[in-house]
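These are the residues of each chain, in order.
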Amino acid sequence: MSKATKKSLFYALGALALIVFAMWLRYASRYFLHTPAVGYLRSGIYVFLFAAWFYSICVRIVLVQVRRYLLAISALMVLWILLRSVKFSVDNMDAERWLWYFYYLPLLFIPLLSVFVSLSLGKGETFRLPLWTRLLYLPTLLLLLLVLTNDLHQQVFSFPSGVLTDQDYRYESGYFFVLGWAILCAALSFFWMVKSCRIPHSRRIRWLPLIPFALSLAYVYTYVRKVHWVWVLAGDMTVAQCLIFASILECCIQCGLIQSNLGYDELFEATSLPVQITDPALCPRHVSVAMQGALPQGELRHMRQDTIRLDEDTLLKRHKLRRGWVFWKEDVSELNRIQQELELARDELRDTGDVLAAEKAQRARWLKLTEENRLYDMMEAQTARQIVMLRGLLAELQRTEEPDRVRRLLGQAIIIGTYVKRRSNLIFVGVQRGAISVQELRLCLNESTENICVYGADCRALVKGEGQLTVGQATQVYDLFEAVVETELESLRALLISVEVGAQVEAALCVSAAEPLCGLCARFPGLEWEQDEDGLQYVTQRLEGSRG
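Residues numbered from 1 in each chain as written. Predicted model: local features only at pLDDT ≥ 70, side-chain atom pairs only at ≥ 80, totals over all residues. Heavy atoms only, no water.

**Points about the pattern of salt bridges**
The condition that has to hold: Salt bridge, as used here, is a side-chain nitrogen of Lys or Arg placed within 4 Å of a carboxyl oxygen of Asp or Glu. In this description a helix means any DSSP run of H or I spanning at least four residues, a strand means any run of E spanning at least two, and both kinds are numbered starting from the N terminus.
Inspection of every chain in the model, using the stated rule, returns 21 salt bridges. The salt bridge involving Lys317 is made with Glu330; its shortest N-O contact spans 2.8 Å. Linking Lys317 in strand 6 (residues 314-321) with Glu330 in strand 7 (residues 324-331), this pair joins segments that are 13 residues apart in sequence. When salt bridges that share partners are traced, they join Glu396, Arg405, Arg408 and Glu490 into one network.

What follows is the structure in structure tokens.
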């Protein structure tokens, strides 16, 4: 038998002994101890019992809602005993009558609060009674008001003699409403208690709360049948009803239907958690087997935080209770192991990330070089003809000693070199942006015309319009200009190029030179060429519209 069970049994036997002693005092007051002190002593015993139960409820019951209802029930029981004791000790008819009327305050509210308690049986800490239960207060208060105002209407008790006294009265219809409501509430509370005694998902029943219920039925039967020894020993209906209600509710506490802080000894013997409960002075009250001895009080007093580290793998934690502290040890070795694994994984990922970053940088560099090589190959392929011309001009320049010829070869090399530079720039811009602006084409033509002017020919470029050109449009206009210049390089005297960008791109060149340009029609499809009587040649190329 556990320590908690022994303690509960000891308290129960003590309460039973006091009840038996109070019953003996009732018997003695009837036959040989005819003194008021006996009645006062008996009332004091019951007041002590219900006050002690009140205190135990404050200490034991966990659920706040249920604890409030049970405290109210125990307080009403104490009030009922006090009202009864005072009533029989005063010698004033009006005071006796009003004390009698106030009997119905606990008589009505104890069954009602028992209904609320029975609805909370077996529920969790977050359970709250539904709102409709508050409506039960209304008929209870109305019936209590009906009793307290009985002197005005006499619908609960009537007095045939005309004297308002509890010695000579009759029950009226209002009394049966009051009694019926009290019986209904008591029946409902007992019904829900019996229903809650059924263990879910099984055929087993918690019998402990049903024992005092059965005893109460037997008591009511013997009281109604006016069994002499029952009347002598337990004829006080007020005390009997209070004891019956209190015993039923206490049985619900003992069997676990009402959650309490009982059973710590069994819990601490069965649990594998190192837990210790202390009083406010940090003296140990309950220590689990896994704790391997109570924690030193000096160590507990020096705790300044709710969590401290005892060693690498153990934490000591605490939590404030209503009447003390709870301390427990928490094993964090598994968390430390997982943390170490995570740190190793992090280091591995970091190393892998560094390798991947290096590979990514190397691949980006490789892609950049590949793209540069592709662009250089493209530039070389598209300017191969001009590069060959430059090599030929430079070779001839090395062999020539005549100053005029040298100047002329240098001018041609500058014109060809400008084209190679600007043509390569168009390739870069086209790859980066996907299109070439009209301004970029204008800059290309202006630089080439300036170098042609330095070469000795009169050259101008007019570019009208704004927006974007496709790479093919821009390069085709510039290639046509260069083809005309290269064809007439030795005999070029004057050149005018006009480019209009609108619904379509139109490039028109007017050339004064000796070499005919009709051969360019084969290189540039759609090219129009004509020559007037003065020897001026006109070349026109029309392309698709610009990109905007």
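Now that the structure has been shown, we can carry on.
**Description of the confidence of the model for the protein chain**
If pLDDT is low for a region, its predicted coordinates should not be looked at in detail. Rules: By definition, pLDDT measures how confident the predictor is in each residue, and it falls between 0 and 100.
Looking at the protein chain as a whole, its pLDDT mean stands at 82, while 92% of the residues score no less than 70. Per-element confidence in the protein chain ranges from a low mean pLDDT of 64 for helix 12 (residues 264-270) to a high of 93 for helix 6 (residues 137-148).

**Quick word on helix 5 (residues 104-119)**
Note the following rule: By this rule the span expected of a helix is its residue count minus one, scaled by 1.5 Å. The buried label applies to any residue whose accessible area, calculated with a 1.4 Å probe on protein chains only, is under 20% of its type's maximum; exposed applies above 50%, and partly exposed to all values in between.
The end-to-end C-alpha distance of helix 5 is 23 Å, a good match for the 22 Å that 16 residues give at a rise of 1.5 Å each. Of all 16 residues in helix 5, 15 are buried; the element is thus mostly enclosed.

**A few points about the sheet that holds strand 11 (residues 494-501)**
Here is the rule: Here the rule is simple: two strands pair whenever DSSP picks up at least two bridges between them. Here, axes are lines fitted to C-alpha atoms. For helices the fit covers the stretch in contact, and angles between N-to-C directions go from 0 to 180 degrees.
An order of 9-11-12-14-13 is seen for the 5 strands of this open sheet, with the pairing classed as mixed. Each end of this open sheet is capped by a strand with a single partner; those strands are strand 9 (458-464) and strand 13 (528-531). Across the sheet, the axes of successive neighbouring strands diverge by a mean angle of 10 degrees, strand direction being ignored. With 4 bridges connecting them, strand 13 and strand 14 (residues 537-543) associate as antiparallel partners.

**Thoughts on a negative patch on the surface**
So the rule is basically this: Residues with no salt bridge and a relative accessible area higher than 30% make up the patches, which join like charges within 9 Å and nonpolar side chains (Val, Leu, Ile, Met, Phe, Trp, Tyr) within 5 Å. Methods summary: accessible areas were calculated by the Shrake-Rupley approach with a probe of 1.4 Å, and residue burial reflects only the protein chains presented. Positive residues here are Lys and Arg, negative ones are Asp and Glu, while His and the chain termini are left out of the count. Lys charges are placed at NZ, Arg charges at CZ, Asp charges at CG and Glu charges at CD.
Together, Asp311, Glu312, Asp313 and Asp331 make up a negatively charged patch on the protein surface. Relative to the helices and strands, Glu312 resides in the loop between strand 5 (307-311) and strand 6. Take Glu312: its relative accessible area is 59%, and that puts it in the exposed class.

**Description of the side chain of Arg422**
Applied cut-off: In this analysis, two residues are considered to be in contact whenever any of their non-hydrogen atoms come within 4.5 Å of each other.
Its place among the elements puts Arg422 in helix 16 (residues 403-433). Once residues within four sequence positions are removed from consideration, Arg422 is found in contact with Glu440, Leu443, Cys444, Glu447 and Tyr478.

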